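Geometric and topological summary
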Amino acid sequence: MNGYGNFVRLKITLGSDSTSEIQELYKLFPDRVWSPGDMRPNTKIIEKNIGCIFSSGLEKEASLDQHLAALLLRTKSVAATIKGLSEQNTVEVWCAIYTRGAPPLFFDNNIVEG
């Protein structure tokens, strides 16, 4: 693909310093966890909140829907915890698409409905 590819991540950012919420994040085994004052990797940005990131775990050559399916499968066992965290915090799915043409933005129903 030579510089082209797809990346999908789930980012959870906590709006509070609640010890119980922080403990819940660590149980999820994310790819990256940060606290206020931590420096974001490869930048000069200092984190202001507590948060974590889950990656799909697939190579960049995988299709966007393969990435989304892998991310949903990876987080399926902790979906209720993530849903609970989303009620008071920020939960985002990030999709980065690097391509020469227009990216495909159609997803099968089973991907969207999870």
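These figures come from a predicted structure and were not determined experimentally.

Describing the pattern of salt bridges
- This model, assessed by the stated rule, comprises 2 salt bridges.
- Put simply, Arg40 and Glu47 hold a salt bridge, and the shortest N to O gap is 2.8 Å.
- Exposure remark for Glu47: the relative accessible area of 8% places this residue in the buried category.

With respect to the packing of aromatic side chains
- Following the criterion strictly, the structure yields 1 aromatic pair and no others.
- Judged by centre distance (6.0 Å) and plane angle (75°), the rings of Phe7 and Tyr98 are edge-to-face. Residue Phe7 is located in strand β1 (residues 5-14), and its partner Tyr98 is located in strand β4 (residues 90-98); the two are separated by 91 residues in the primary sequence.

Description of the sheet that holds strand β2 (residues 32-34)
- Spatial strand order, β2-β3-β1-β4: 4 strands in an open sheet with antiparallel pairing. A single partner strand is all that each edge strand has here, and the edge strands are β2 and β4. The mean angle between the axes of side-by-side strands here comes to 15°, regardless of whether they run parallel or antiparallel.
- Examined bridge by bridge, β2 and strand β3 (residues 50-55) share 3 bridges and lie antiparallel to one another. Paired with Arg32 across the strands is Ile53, a residue of β3.
- Set on the sheet, helix α2 (residues 64-75) makes contact with β1, β3 and β4; between it and β1 the angle comes to about 35°.

Definitions and cut-offs
Residues numbered from 1 in each chain as written. Predicted model: local features only at pLDDT ≥ 70, side-chain atom pairs only at ≥ 80, totals over all residues. Heavy atoms only, no water. Salt bridge = Lys/Arg side-chain N within 4 Å of Asp/Glu carboxyl O. Buried < 20%, exposed > 50% of the residue type's maximum accessible area, 1.4 Å probe, protein only. Phe/Tyr/Trp six-rings, centres within 6.5 Å; stacked < 30°, edge-to-face > 60°. Helix = DSSP H or I, 4+ residues; strand = E, 2+ residues; numbered from the N terminus. Pairing = 2+ DSSP bridges. Axes fitted to C-alpha atoms, helices over the stretch in contact; angles between N-to-C directions. Contact = heavy atoms within 4.5 Å.

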